[in-house]
Amino acid sequence: MALYDYGNTRLRARISNFFSVGTLESFSDLTSIDSLISTLSKTHYKNSIEISLTYAHGYGCITEALRRETIDIRQNLKRFYDPGIWEKIKIVFLRVDLQNMKAIIRGICHEARIDTIINSLSPLGTIDEQLLFRIAKSKNITEAIDRIAVFKLDFASVLLEQKSSEKSNSSSEIERILERWYFNKMSSIFTGNDENTTQLRKLIAIEADIINLNLLLRFVNAPSSPELKNHPIDYFIIDSGNFKRSQIIQLSKENSVEKVITRLGSSHYHNYLMGALSCYRENGLLSEFENKLRVYALKWLALLPKLNPFGIGVPMGYVALKKSEIRNIRWIANSIYSGFEPEYIKENIEKVA
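The structure displayed is predicted, hence computed values, not measured ones. (Residues numbered from 1 in each chain as written. Predicted model: local features only at pLDDT ≥ 70, side-chain atom pairs only at ≥ 80, totals over all residues. Heavy atoms only, no water.)

K.L.:
So what's going on with the overall build of the protein chain? Residues and values would help.
P.N.:
Helices and strands together make up the secondary structure of the protein chain, namely 19 helices and zero strands. Relative to the globule expectation of 20 Å for 353 residues, the C-alpha radius of gyration of the protein chain, 21 Å, shows essentially globular dimensions. Its C-alpha atoms give the protein chain principal-axis dimensions of about 55 × 50 × 45 Å. Residues classed as buried in the protein chain amount to 47% of the 353 residues present. (Helix = DSSP H or I, 4+ residues; strand = E, 2+ residues; numbered from the N terminus. Rg over C-alpha atoms; globule rule 2.2 N^0.38 Å. Buried < 20%, exposed > 50% of the residue type's maximum accessible area, 1.4 Å probe, protein only.)

Right, here's the structure in full:
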């Protein structure tokens, strides 16, 4: 664990400087983007704001500053840890690579504008942005897969296999294949029972649970949707989570979302799902559950610097907390720009504590 000491000390100091909920709420009371920029320039966002102000103003300055802060997450970790440790920590960012590739595939399949696709990508992944941009400019899925193969990205082999088969090349099918590739890869990496590996395995299980629970709720809510109607639910289930495949299949036979939530009473996620249920009853949006499950994962990650203070738990917690802080600032800036009321902005701040 000694190899983590220097980096973990640096990260703990940064975590202590993250904005409290009270500070974020005070930002919500600001009346203009310029006042938010001025306020952020007096905080640990000072350098990013000052650099961004040299060529952007207003909301564009905030956007660019947050982009720089996001890139710095990965760059700081690479600076703070020896190469061998960095290679282990880098695994945390593979999920971003997967999400970026899914965004590209989805955009190409739906013929989205290239700038729309590029703007949806996160700079936090490990794949070079220029490679992502070149893939995003593909005319169709076949060309995109060919470029992925040329660039020798990790998931090229499963996509080439998909391309050569007679199966559908729809975005949902390719996304399913990429998800399975990701969890299979993670399962092969996380062997052993040391504390660091245990925490990473728990993270993967939570990620799989969130995918499976969101799938389950969509299936029960709208079993005839185009995405789901052609296959049974077990076609989409990820096996790396805490729920057994048979348990998910059994729950999918319920005839209402509320009954599913009730039967999940013994799970770690129950309180969060119940919190979303009241909103779901009002607006019928399944995204309420997705948001609550994401908050569960965030709060679990936020505890890791204390639970695993001498290992990988500190960088895992740092990444999650920094992403949350950036998300909150983006929400506040967009809300001020859109003229939302301060109370509404405060209600929708992502709270870790």
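K.L.:
Tell me about the layout of surface pockets, and name the residues and values.
P.N.:
Where empty space is left in the structure can be found by rolling a water-sized probe over the atoms. Looking at the second largest pocket, its volume works out to about 600 Å³. Among the elements of the structure, α16 (270-283), α17 (287-307), α18 (313-338) and α19 (342-347) are those that each provide at least two residues to the lining of the second largest pocket. Counting residues per element, the lining of the second largest pocket draws most heavily on α17, at six residues. (1 Å grid on protein atoms, 1.4 Å probe; cavity = no way out; pocket = protein on both sides within 12 Å on 5 of 7 lines; lining within 4 Å. Points joined across faces, edges and corners; volume = space filled by probe spheres on them.)

K.L.:
Explain the side chain of Ser 48 to me, and be specific about the residues and the numbers.
P.N.:
Relative to the helices and strands, Ser 48 resides in helix α4 (residues 46-53). In this structure, Ser 48 is in contact with Ala 65, Arg 68, Glu 69 and Asp 72, ignoring residues within four places of it in sequence. (Contact = heavy atoms within 4.5 Å.)

K.L.:
How would you summarise the packing of aromatic side chains if you had to cite specific residues and measurements?
P.N.:
Any pair of aromatic rings gets described here by the distance separating the centres and the angle formed by the planes. Scanning the entire structure with this criterion turns up 16 aromatic pairs. Here the aromatic rings of Tyr 4 and Tyr 81 are separated by 6.0 Å at their centres, their planes lie at 65°, and the arrangement is edge-to-face. Here the residue Tyr 4 occupies a position in the segment before α1 (5-16), and Tyr 81 occupies one in the loop between α5 (59-80) and α6 (83-89), the gap between them amounting to 77 residues. Judged by relative accessible area, which is 4%, Tyr 81 ranks as buried. When the ring of Phe 19 is compared with that of Tyr 45, the centres are 5.6 Å apart and the planes differ by 15°; the resulting orientation is stacked. In this pair, Phe 19 is assigned in the loop between α1 and α2 (21-28) and Tyr 45 in the loop between α3 (33-40) and α4, connecting sequence segments 26 residues apart. Given the relative accessible area of 0%, Tyr 45 is considered buried. Here the aromatic cluster, defined as three or more aromatic residues joined through ring pairs, consists of Phe 243, Tyr 269, Tyr 272 and Tyr 296. One cation-aromatic arrangement involves Arg 95 over Tyr 182; the distance from NZ or CZ to the ring centre is 4.8 Å. (Phe/Tyr/Trp six-rings, centres within 6.5 Å; stacked < 30°, edge-to-face > 60°. Lys NZ or Arg CZ within 6 Å of the ring centre and 35° of its normal.)

K.L.:
I'd like to hear about the nonpolar core, residue by residue, with values.
P.N.:
Formed by 112 residues in total, the largest nonpolar core has its most connected members in Met 101 and Phe 289. Of the residues forming this core, the biggest block, twelve residues, is contributed by helix α13 (residues 195-221). (Core = buried A, V, L, I, M, F, W, Y, C linked by side-chain atoms within 4.5 Å.)

K.L.:
Lay out the environment of Ala 65 with the relevant residues and their values.
P.N.:
Mapped onto the secondary structure, Ala 65 falls in helix α5. Note: C-alpha distance between Ala 65 and Arg 113 (48 residues apart in sequence) is 24 Å. Excluding its chain neighbours within four sequence positions, the residues that come into contact with Ala 65 are Ser 48, Ile 49 and Ser 52.

K.L.:
Describe the side chain of Glu 69, naming the residues involved and giving the relevant values.
P.N.:
Structurally, Glu 69 can be placed in helix α5. Looking at Glu 69, the relative accessible area reads 8%, which means it is buried.

K.L.:
Before we move on, could you go through empty space enclosed by the protein and cite the residues and values that matter?
P.N.:
With the rule as written, the count across this model stands at one cavity of 30 Å³ or more. Taken as a whole, the largest cavity spans an internal volume of roughly 40 Å³. Along its surface, the largest cavity is lined by Ile 91, Val 92, Tyr 182, Phe 190, Leu 200, Leu 203, Ile 204 and Glu 207. It is α13 that provides the largest number of residues to the lining of the largest cavity, a total of four residues. For the lining of the largest cavity, the class distribution of residues is seven nonpolar, no polar and one charged. (Nonpolar A, V, L, I, M, F, W, Y, C, P; charged D, E, K, R; others polar.)

K.L.:
Lay out the confidence of the model for the protein chain in plain terms, naming residues and giving numbers.
P.N.:
Summing up the model confidence of the protein chain, the mean pLDDT is 93 and the portion of residues at 70 or higher is 98%. Within the protein chain, no element has a lower average pLDDT than helix α11 (residues 156-164), which sits at 89, and none a higher one than α3, at 98. (pLDDT = per-residue confidence, 0-100.)

K.L.:
Hey, could you go over α17 for me, with residue numbers and the actual values?
P.N.:
End to end, α17 covers 30 Å across 21 residues, agreeing with the expected 30 Å (1.5 Å per residue, within 8%). The complete set of buried residues in α17 reads Glu 288, Phe 289, Leu 293, Val 295, Tyr 296, Ala 297, Leu 298, Trp 300, Leu 301, Ala 302, Leu 304 and Pro 305. Buried residues in α17 make contact with α1, α13, α15 (257-263), α16 and α18. (Expected span 1.5 Å × (residues − 1).)

K.L.:
Can you tell me about the pattern of salt bridges, naming the residues and giving the values?
P.N.:
Using the criterion set out here, one finds 22 salt bridges in the structure. Look at the salt bridges and you will find they share partners, linking Glu 64, Arg 67, Arg 68 and Glu 129 into a network. (Salt bridge = Lys/Arg side-chain N within 4 Å of Asp/Glu carboxyl O.)

K.L.:
An account of the environment of Phe 19 is requested, with residue identities and associated values reported.
P.N.:
With relative accessibility at 14%, the residue Phe 19 sits in the buried group. Separated by 213 residues in the primary sequence, Phe 19 and Pro 232 have C-alpha atoms spaced 45 Å apart. Setting aside chain neighbours within four positions, we find Phe 19 in contact with Leu 24, Phe 27, Leu 40, Thr 43, His 44, Tyr 45, Glu 325 and Ile 329.

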